[in-house]
Amino acid sequence: QASTPTTITDAKTGIVFNTWGIANGASQTAGGFTFGVALPSNALTTDADEFIGYLQCSSKDVTNTGWCGVSLGGPMTNSLLLTAWPSSGSIYTSFRYATGYTMPDVYTGDAKLSQISSTVNATHFTLVFRCQKCLQWNQGGQTGGVSTSASFMVLGWVQAFPAPGNPTCPSQITMQQHDNGMSIFGAQLDSKAANPSYSAWAAKATTTVP
Ligand code: HEM
């Protein structure tokens, strides 16, 4: 998986992202996976505590199943985890935190996700979202974070085929160990990651689900 970013402009929102991913058809994960970030205009010189994320995950050719996750620190453990899954045409999310390789706990810090655009079809679900207080985390005194001014992040991803249990209640989902690939990867940020339009884009994040 390349750490060099691919810059995309999301067709629905016009937001420009640095992205990293696995192509649909590659062996690491069925259906492919893409994660991307857009950052505040000064984030490559001054550490940001928020970003706009682009998450495109695979449902393995079955509508409304599967879930995917991103580790904002790289490993599953001791990192802020974001889990996302489709249900009845919406995309639900839950911040989680794990100290071991078991079902992650609900994150107790103050990260906030609001949606800008959400698309669910038979094969993929795609979420564009604002993630505030997501780049520094604190789970009961265990802290960590990302330094955007380093122009390099370590991230992790996972995908899974089964839908979570209790899908419309993010704090009470149940799930099995992910079964459609996982990886830790280095994510270089280039100059296109930070954008003067960030504030205008972030203002479009007006939807919370549920
Ligand atoms: C890796 C278990 C949920 C993110 C792993 C590994 C295990 C595991 C055993 C290591 C596998 C290996 O190295 O072969 C579980 C179980 C879960 C769960 C039992 C729930 C019941 C999650 C969730 C996320 C996540 C919700 C993110 C939102 C990751 C990532 C890795 C990983 C990024 C790869 C990096 C690493 O090895 O630390 N998981 N996991 N996991 N998991 Fe999970």
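Preceding block: the structure.
Since we're looking at a predicted model, the values are computed, not measured.

1. Focus on the sheet that holds strand β8 (residues 105–106)
Spatially, β8-β7-β6-β5-β13-β14 is the arrangement adopted by the 6 strands of the open sheet, whose pairing is antiparallel. The sheet is open, and its two edges are formed by β8 and β14 (182–188), each paired on a single side. In the sheet, strand β5 (residues 67–71) pairs with strand β13 (residues 152–160) via 5 bridges, with the strands oriented antiparallel. The partner of C68 across the bridge, within β13, is Q159.

2. Some thoughts on the coordination of the iron atom of the ligand
Bound to the iron atom of the ligand are the protein donor atoms M76 (SD) and H178 (NE2), situated 2.0 to 2.1 Å from the metal. Each of the 6 donor atoms around the iron atom of the ligand contributes to a set of angles spanning 86 to 179°, which defines the coordination as octahedral. Taken as a pair, M76 in the loop between β5 and β6 (81–87) and H178 in the loop between β13 and β14 lie far apart in primary sequence, 102 residues in all.

3. Brief notes about the state of the cysteines
Counted according to the given criterion, the structure contains 2 disulfides. For C57, the disulfide goes to C68, at an S-S distance of 2.0 Å. Of note, the bridge from C57 to C68 carries an S-S torsion of about 70° and is right-handed in sense. A residue pair is termed long-range when its members are at least 10 positions apart, and C57 in strand β4 (residues 50–58) and C68 in strand β5 qualify at 11 residues. Residue C57 is classed as buried on the basis of its relative accessible area, which comes to 0%. The disulfide partner of C131 is C134, and the S-S distance across this bridge is 2.1 Å. Residues C131 and C134 are joined by a disulfide whose S-S torsion is about -80°; by sign, that bridge is left-handed.

4. Re the sheet that holds β4
An order of β1-β2-β3-β4-β10-β9 is seen for the 6 strands of this open sheet, with the pairing classed as antiparallel. In this open sheet, the two strands that pair with only one neighbour each are β1 (6–9) and β9 (112–120). Across the sheet, the axes of successive neighbouring strands diverge by a mean angle of 25°, strand direction being ignored. One ladder, built from 5 bridges, connects strand β3 (residues 33–38) with β4; its direction is antiparallel. Directly across from T34, in β4, lies its bridge partner Q56.

5. Regarding unusual backbone geometry
Cis geometry is found at the peptide bond from V209 to P210, where omega equals 0°. Mapped onto the elements, P210 comes out in the segment after α1 (198–202). Here the phi dihedral of N78 falls at roughly 60°; this positive angle occurs in a residue that is not glycine. Its location among the elements puts N78 in the loop between β5 and β6. Assessed through its relative accessible area of 38%, N78 is described here as partly exposed. Although it is not a glycine, S151 adopts a positive phi angle of roughly 55°. Relative to the assigned elements, S151 resides in the loop between β12 (142–145) and β13. With relative accessibility at 25%, the residue S151 sits in the partly exposed group.

What counts and what doesn't
- Residues numbered from 1 in each chain as written.
- Predicted model: local features only at pLDDT ≥ 70, side-chain atom pairs only at ≥ 80, totals over all residues.
- Heavy atoms only, no water.
- Pairing = 2+ DSSP bridges.
- Helix = DSSP H or I, 4+ residues; strand = E, 2+ residues; numbered from the N terminus.
- Donors = N, O, S within 2.8 Å, 3.2 Å for Na, K, Ca; no water.
- Tetrahedral: all angles 85-135°; square planar, octahedral: opposite > 155°, others 65-115°.
- Disulfide = S-S within 2.5 Å.
- Buried < 20%, exposed > 50% of the residue type's maximum accessible area, 1.4 Å probe, protein only.
- Axes fitted to C-alpha atoms, helices over the stretch in contact; angles between N-to-C directions.

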